[in-house]
Amino acid sequence: MTHQARFLGMKKVSVIIHCYNQSKFVQEAIESVIKQTYSNIEIVCINDGSTDNSSRTIQKLAQKYKQIIFFDEKENHGVIYARNTAISAATGEYILPLDADDTIEPEYIEEAVKVLDNSPDTGIVYSKARLLGAQNKELKLPDYSKSNILSTNCIFVSALFRKADFISIGGYKEYMKDGYEDWDLWLSFIEKGFNVHKIDKILFSYRKHDKNSRSSQITKTQMEKIYKTILKHHTSLYLEDSSIIQKLFSSSDKKLQKYKRICLFFSWVIIIESLIILYVLFVK
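Residues take numbers from 1 onward in each chain, read along the sequence in its written order. Per-residue local features are limited, in this predicted model, to residues with pLDDT of at least 70; the limit for side-chain atom pairs, both in listing and counting, is 80 or more; totals at the level of whole chains, interfaces and linings are taken over all residues. As a rule here, side-chain values come from all non-hydrogen atoms in the structure, and water together with hydrogens is ignored.

**A short note on the sheet that holds strand β7 (residues 138–139)**
- Whether two strands pair comes down to DSSP finding at least two bridges between them. The numbering of helices and of strands both runs from the N terminus, where a helix is a DSSP run of H or I of at least 4 residues and a strand a run of E of at least 2. Ordered by their spatial adjacency, four strands build an open sheet running β5-β9-β6-β7, and the pairing between neighbours is mixed. The sheet is open, and its two borders are formed by β5 (103–104) and β7, each paired with just one other strand.
- Of the pairings in the sheet, the one linking strand β6 (residues 122–132) to β7 comprises two bridges and is antiparallel in character. The residue of β7 that forms the bridge with Arg-130 is Glu-138.

Pasting the structure below:
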């Protein structure tokens, strides 16, 4: 069988691995992709100015595995820049981000590709997950629903999507530099009308760190800023969901009351902007 015949009819999947000071784990992440049952895969690995041995580790693996495309950034630009850069360079029709300290099961990509191939209305495919490391158990996330994802990010970063869709919604946004850029991305997909599919198998492993992970370092003030930013850029999505509105307006929780005021503010902004447009079009 020729190299081309082997991939005939198979869409290429680009796995995007962002690495910053994860020399201990990046080989395990890469090799979990190498072991996939789906064969038409490239690995776009970007070292984001690591100060440990990550670059050397990835270079050795790139020499061993021809599927690896390696970008070695000398300065740290952050995960948003790194992922957007790697996805821009990717040649696959489908994209799967993977953090350098996480892993995927051998059949994950094959199972996820089947869903996207057979469902043009589906934009995001993910699976059940488990914790990796000291805690080895299933990662309990709320089941996906529109209301649930408006309340909390219930889809982890390693979900499969189409590169064309990613480009159409503008990729990862710089305004999410404090974190949760993947949550903002999923909301952008949902705003475009895409469905979400969850594979009913544990195919992804998330390494939970006690102190040094990016999510664990987010302060309460930063988290409030993230919530405000999410509401600001996806106001219409929140206002369309009656269960969220009911929860906000009926709750006595001070935090929810605060976001109720934010929602009201942005809803009035939308109304005022609409009135200005109507005035310019039909009165002037």
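After that view, the rundown keeps rolling.
**Notes on the packing of aromatic side chains**
- Pairing of aromatic side chains here covers Phe, Tyr and the six-membered ring of Trp, requires ring centres within 6.5 Å, and sorts the geometry by plane angle: under 30 degrees stacked, over 60 edge-to-face, intermediate tilted. As enumerated under the stated definition, the model contains 10 aromatic pairs in all.
- Aromatic pair Phe-166 and Tyr-172: ring centres 5.4 Å apart, planes at 65°, arrangement edge-to-face.
- Partly exposed describes any residue whose relative accessible area lies between the buried limit of under 20% and the exposed limit of over 50%, with all areas from a 1.4 Å probe on protein chains only and scaled to the type maximum. Exposure remark for Phe-166: the relative accessible area of 4% places this residue in the buried category.
- Measuring from centroid to centroid gives 6.0 Å for Tyr-180 and Trp-183, while their planes differ by 65°, and the two rings are edge-to-face.
- Classification of Trp-183 by relative accessible area gives buried; the value is 2%.
- Here the aromatic cluster, defined as three or more aromatic residues joined through ring pairs, consists of Phe-161, Phe-166, Tyr-172, Trp-186, Phe-189 and Phe-194.
- The rule is short: NZ of Lys or CZ of Arg within 6 Å of the ring centre and within 35 degrees of the ring normal puts a charge over the ring. In this arrangement the basic side chain of Arg-83 is found over the ring face of Tyr-172, its NZ or CZ atom lying 5.2 Å from the centre.

**Concerning the pairing of strand β2 (residues 41–48)**
- Judged by how many residues are buried, β2 sits mostly within the fold: eight of eight residues are covered.
- Alignment of strand β1 (residues 13–19) against β2, held across seven bridges, turns out to be parallel. From the neighbouring strand, Cys-19 faces β2, where its bridge partner is Asn-47.
- Handedness is read with the strands pointing away from the viewer; a crossover is right-handed when the path from the first strand over the helix to the second is clockwise. For the segment spanning β1, helix α2 (residues 26–34) and β2, crossover handedness is right-handed.
- Sheet topology places β2 next to strand β3 (residues 68–73); six bridges connect them, and they run parallel. Pairing of Asp-48 across the sheet is with Glu-73, part of β3.
- Remark: the β2/helix α3 (residues 54–64)/β3 crossover connection has right-handed handedness.

**Here we look at α2**
- Here α2 has its buried residues at Val-26, Ala-29, Ile-30, Glu-31, Ser-32 and Val-33.
- We call two residues contacting when some pair of their heavy atoms lies within 4.5 Å. Those residues of α2 that are buried are in contact with β1, β2, α3, β3, β4 (94–99) and β5.

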